[in-house]
Amino acid sequence: MRLVEIEDLHVSFAQHEGLVQAVRGVSFSLDAGESLGIVGESGSGKSVTCSALLRLLREPPAKITAATLKLAGEDVLGARNRTISNLRGRIAAMVFQDPMTSLDPVFTIGHQIAETIRAHQKISKKDAFDRAVDLLRRVEIKNPASIARYYPHQLSGGMLQRAMIAMALSCAPKVLIADEPTTALDVTIQAQILQLIKDIQAETGMGLVMITHDLGVVAETVDRVVVMYGGRVMETGPVEAIFEAPLHPYTKALLGSMPGQVAGKRRLVEIPGASPNPAHPPSGCPFHPRCPMATLECREIEPRLEEKLAGRSAACIHVPAQQRVPEAVA
Amino acid sequence: MTTPALELRRLTKRFPARGRIGTQGDGGFLAVDRVDLTLPRNRVVALVGESGSGKTTTGLLALRLLGATGGTILLDGEDITTLNPKAMKAYRRRMQVVFQDSYASLDPMMTLGEIIAEPLGIHGLLTAAERRDQARRWLEKVGLDPSYASRYPHELSGGQRQRVSVARALVLGPTVLVADEPTSALDVSVKAQIINLLQDLQADMGLSMLFISHDLSVVRSFADEVVVMFRGRVVERAPADRIFDDARHPYTRALLDAVPVADPKARRRRKFLTAEEIAAATPRFAAHELEREPLLDTAEPQLVALAGSHYVEAVVGG
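Cut-offs applied
- Residues numbered from 1 in each chain as written.
- Chains lettered and ligands numbered in written order.
- Predicted model: local features only at pLDDT ≥ 70, side-chain atom pairs only at ≥ 80, totals over all residues.
- Helix = DSSP H or I, 4+ residues; strand = E, 2+ residues; numbered from the N terminus.
- Rg over C-alpha atoms; globule rule 2.2 N^0.38 Å.
- Buried ≥ 20, exposed ≤ 12 C-beta atoms within 10 Å, placed from the backbone.
- Contact = placed C-beta atoms within 7 Å.
- Pairing = 2+ DSSP bridges.
- Axes fitted to C-alpha atoms, helices over the stretch in contact; angles between N-to-C directions.
- Parallel < 35°, antiparallel > 145°, perpendicular 65-115°, else oblique.
- Left-handed = near helix turned anticlockwise from the far one by under 90°.
- Nonpolar A, V, L, I, M, F, W, Y, C, P; charged D, E, K, R; others polar.
- Expected span 1.5 Å × (residues − 1).
- pLDDT = per-residue confidence, 0-100.

Topic: the overall build of chain A
In terms of regular secondary structure, chain A is built from 12 helices and 13 strands. Taking 330 residues into account, the globule formula puts the C-alpha radius of gyration at 20 Å, and chain A, at 21 Å, falls close to it. Along the three orthogonal principal directions, the C-alpha set of chain A runs to about 65 × 55 × 50 Å. The 330 residues of chain A split such that 48% are buried.

Printed below as a string of structure tokens:
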């Protein structure tokens, strides 16, 4: 089943400086059991895309348009508020970067998870709390019964993120959207949380959307990758293919600038310039001001995301589309 | 042997117990525990560890931005541990700092030119016109157009602001630069620019740099030597390639093992150790395995010397 269907999504925000176009024509989909990584830098539109999918943006100032925006077959754009809150939690749940700001400091962890369960199901307070304890056990928290009675400030960042994942799992969602879930964590804790997310995904067969700026996290966790830049999709494809032979110059540059891939002290390959300002996006391809392959055409033509190889697409006029081998021959 | 640019000897910081959180008994919280560190001239030493390891506190102590509880700080061989603020001022010229958050560390009311020239003014160097000139020259050195001198911090991107922080730190011509997570708040594509800039300036100016970071990938492409901190203690210290190829302390290994690998084909299940398990797994060496006689004649864990300038916290004996 198609869990997520996004076609030609645009999200803009009315600001003092004018219209800020955060997302400009994004399309991708996610099937059941699949894991998708959305990788991009700040301002690439990766978080806004997923917030729009769950209608978490305040409208206005946000304005969302799309040819298709569906969660588990249900239209998100035309849905009423009640349908949307049903979609959130039961169909798709989200885990954010900073668990401290996502949790209420004056209630215990167990209470907050129980409350989430009760928002979606008719169940007694006591049963909900017991379920919360079970969920905490499921995210591998030791002594879940006592931790459930702790307040957020009493727990470490890693424990809080586990609690957030427990909360996201509370209504058995079909899709888990994790927005930089490990960015605020230490590297050893990050590895544990990523492992936990992968294990739970394998166990439940739910779909996973992992939003991150970290190519290493993508390489470790997902099957398929969407590379975003300047509010657009630059490239999509299977994770192994993208790391082995990236198609788009931006993906190439990003992989090339990763430090520490080889031993020894060295100068890194840099990408000149800075990410585009979403209030004044460059004409044509958003990456052209920084692209080593850019020509005059790149300034004028907005490249479309096209299939260049089987299962792999890129939005670049300089990437040739390979002739497809007819299936009978192959 | 030439005098190191910076040397920390048994540097210790104990924060007094005020609340109950994070304190140990009545003795307060021992954030930095007898840290020894040598920063040779013209070298980059990386200080790595996770949050709470004491790496940032060690940097602040070295800079005398925080008072040490015990131990000694030697800058160019001179003891600056207890100098009063007036006497300290002359030494501050020789040791400067770049922080992680360029937004918080640049005054929003000052132009970039004023920000870069300010340290010169504080130290009463040059005329006002010469200082302005120097600021413009430094903007250029860090890869910004000199016309930026009249702009304000909010007009810049994060990477550009960090360039300004670097210019401000280096305008006085220090010998030691402490860089505390200078690239952690930056985008992937900009991170490489700042690392390269620091690397170039370090080589050009013969700077000695204490590079504090949790990001081992950056450290690998940048540092000559790596010092690993865990719970306020130095647990391992070695030339960078030895740390990455032959780490001996369980904490260093855990840290290296946790770094995500940029190769989807190399995915694997990791084994995780708790902090208690790591603390309990202190390595043990027989006396004959050591390069030098251990300093302490006890069963207490201590930093011992292995071949190749490799030091690891271990127990001697058995």
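Having seen it, we continue.
Observations regarding the overall build of chain B
Along the backbone of chain B there are 11 helices and 13 strands. Over its C-alpha atoms chain B spans a radius of gyration of 21 Å, differing by no more than 12% from the 20 Å that the globule rule assigns to 318 residues. Taking the principal axes of its C-alpha atoms as reference, chain B extends roughly 70 × 55 × 45 Å. Here chain B holds 318 residues, and the buried ones make up 44% of them. The contacts in chain B between residues at least 6 apart in sequence include a share of 64% that link residues at least 24 apart.

A closer look at the pairing of strand β10 (residues 233-239) of chain B
If a strand is regular, its side chains alternate between the two faces of the sheet. Residue and element names in this part refer to chain B. With six of its seven residues buried, β10 lies for the most part within the structure. Pairing geometry for strand β9 (residues 225-230) and β10, over six bridges, is antiparallel. Note on β10: the bridge partner recorded for Glu225 is Pro239. Relative to strand β13 (residues 310-316), β10 is paired through two bridges, and the arrangement is antiparallel. Considered in β13, the bridge of Glu236 is made with Val312.

Considerations on the environment of Asp297 of chain B
Following the sequence through the fold, Asp297 of chain B ends up in the loop between β11 (284-285) and β12 (302-306). The sequence separation of Asp297 of chain B and Phe272 of chain B amounts to 25 residues, and the corresponding C-alpha distance is 33 Å.

Remarks on the packing of helix α5 (residues 125-138) of chain A against helix α7 (residues 157-169) of chain A
Residue and element names in this part refer to chain A. The contact between α5 and α7 brings their axes to 9 Å, and the two run at 125 degrees. Overall, the two elements α5 and α7 adopt an arrangement that is oblique. Along this stretch, α5 crosses α7, giving a crossing that reads as right-handed. Facing Leu135, Leu136 and Arg138 of α5, the residues of α7 in contact are Ala163, Ala166 and Leu169. Class assignment of the residues belonging to the contact of α5 with α7 gives a composition of five nonpolar, no polar and one charged.

Re the environment of Ser105 of chain B
All names here are of chain B. Here Ser105 lies in helix α3 (residues 102-105). Given 18 C-beta atoms within a 10 Å radius, Ser105 is considered partly exposed. C-alpha separation for the pair Ser105 and Pro153, spaced 48 residues apart in sequence, amounts to 10.0 Å. With residues near it in sequence (within four places) discarded, Ser105 still touches Phe99 and Ser165.

Things to note about the interface of chain B and chain A
In many reports, interface size means the accessible area that the parts give up when they come together. Taken together, the 36 residues of chain B in the interface contact 37 residues of chain A. Counting residues per element, the ones that place at least two in the side of chain B that touches chain A are α7 (188-205), α8 (216-220), α9 (240-246) and α10 (250-258) of chain B. With eight residues, α7 of chain B is the single largest residue contributor to the side of chain B that touches chain A. Class assignment of the residues belonging to the side of chain B that touches chain A gives a composition of 17 nonpolar, 10 polar and nine charged.

Some thoughts on the sheet that holds strand β2 (residues 29-39) of chain B
Residue and element names in this part refer to chain B. Spatially, the four strands line up as an open sheet ordered β2-β1-β4-β5, and their pairing is antiparallel. Across the chains shown, the open sheet's two edge strands, defined by having one partner strand only, are β2 and β5 (78-79). Pairing of strand β1 (residues 6-15) with strand β4 (residues 70-75) involves five bridges; the strand directions are antiparallel. If you follow Leu6 over to β4, its bridge partner there is Leu75.

What about the pairing of strand β11 (residues 232-238) of chain A?
Residues and elements named next belong to chain A. Burial runs high along β11: six of the seven residues are buried. Pairing of strand β10 (residues 224-229) with β11 involves six bridges; the strand directions are antiparallel. For Met228, the partnering residue across the bridge sits in β11 and is Val233. Looking at chain direction, β11 and strand β13 (residues 312-314) are connected through two bridges and run antiparallel. Bridged to Thr236 within β13 is Ser313.

Thoughts on the sheet that holds strand β7 (residues 92-95) of chain A
All names here are of chain A. The eight strands are arranged β7-β8-β9-β3-β10-β11-β13-β12 in an open sheet whose pairing can be described as mixed. A single partner strand is all that each edge strand has here, and the edge strands are β7 and β12 (306-309). The sheet shows a mean angle of 25 degrees between the axes of neighbouring strands, taken without regard to direction. Bridge count between β7 and strand β8 (residues 175-179): four bridges; the pairing is parallel. Within the sheet, the bridge partner assigned to Ala92 lies in β8 and is Val175. The sheet strands contacting helix α1 (residues 46-53) are β3 (35-39), β8, β9 (207-212) and β10, and the helix crosses β9 at an angle near 145 degrees.

Looking at unusual backbone geometry
Cis peptide bonds are those with omega within 30 degrees of zero, and the linkage from Glu59 of chain A to Pro60 of chain A qualifies with -15 degrees. Here Pro60 of chain A lies in the loop between α1 and β4 (62-65). The residue after Pro60 of chain A, namely Pro61 of chain A, is reached through a cis peptide bond having omega 10 degrees. Assignment of secondary structure puts Pro61 of chain A in the loop between α1 and β4. Although it is not a glycine, Arg64 of chain B adopts a positive phi angle of roughly 60 degrees. Topologically, Arg64 of chain B is positioned in the loop between α1 (55-62) and β4.

Regarding helix α6 (residues 158-170) of chain B
All names here are of chain B. Taking 1.5 Å per residue as the helical rise, α6 with its 13 residues ought to reach 18 Å, and the 19 Å between its terminal C-alpha atoms agrees with that figure. Burial analysis of α6 places 12 of its 13 residues in the buried class, the great majority of the element. Within α6, the full set of buried residues consists of Gly159, Gln160, Arg161, Gln162, Arg163, Val164, Ser165, Val166, Ala167, Arg168, Ala169 and Leu170. Buried residues along α6 sit against β6 (95-98), α3, α4 (112-122), α5 (128-141), β7 (176-180) and α7.

Let's talk about the confidence of the model for chain B
Residues and elements named next belong to chain B. A residue-level look at chain B finds 97% of positions with pLDDT of 70 or above and a mean pLDDT of 91. The secondary structure element of chain B with the lowest average pLDDT is α3, at 86, and the one with the highest is strand β3 (residues 44-48), at 97. On the interface metric, ipTM, the complex scores 0.84, and its pTM is 0.89.

Description of the environment of Val226 of chain A
For Val226 of chain A, the position within the fold is in strand β10. Along the sequence, Val226 of chain A and Leu296 of chain A sit 70 residues apart, while their C-alpha atoms lie 26 Å from each other.

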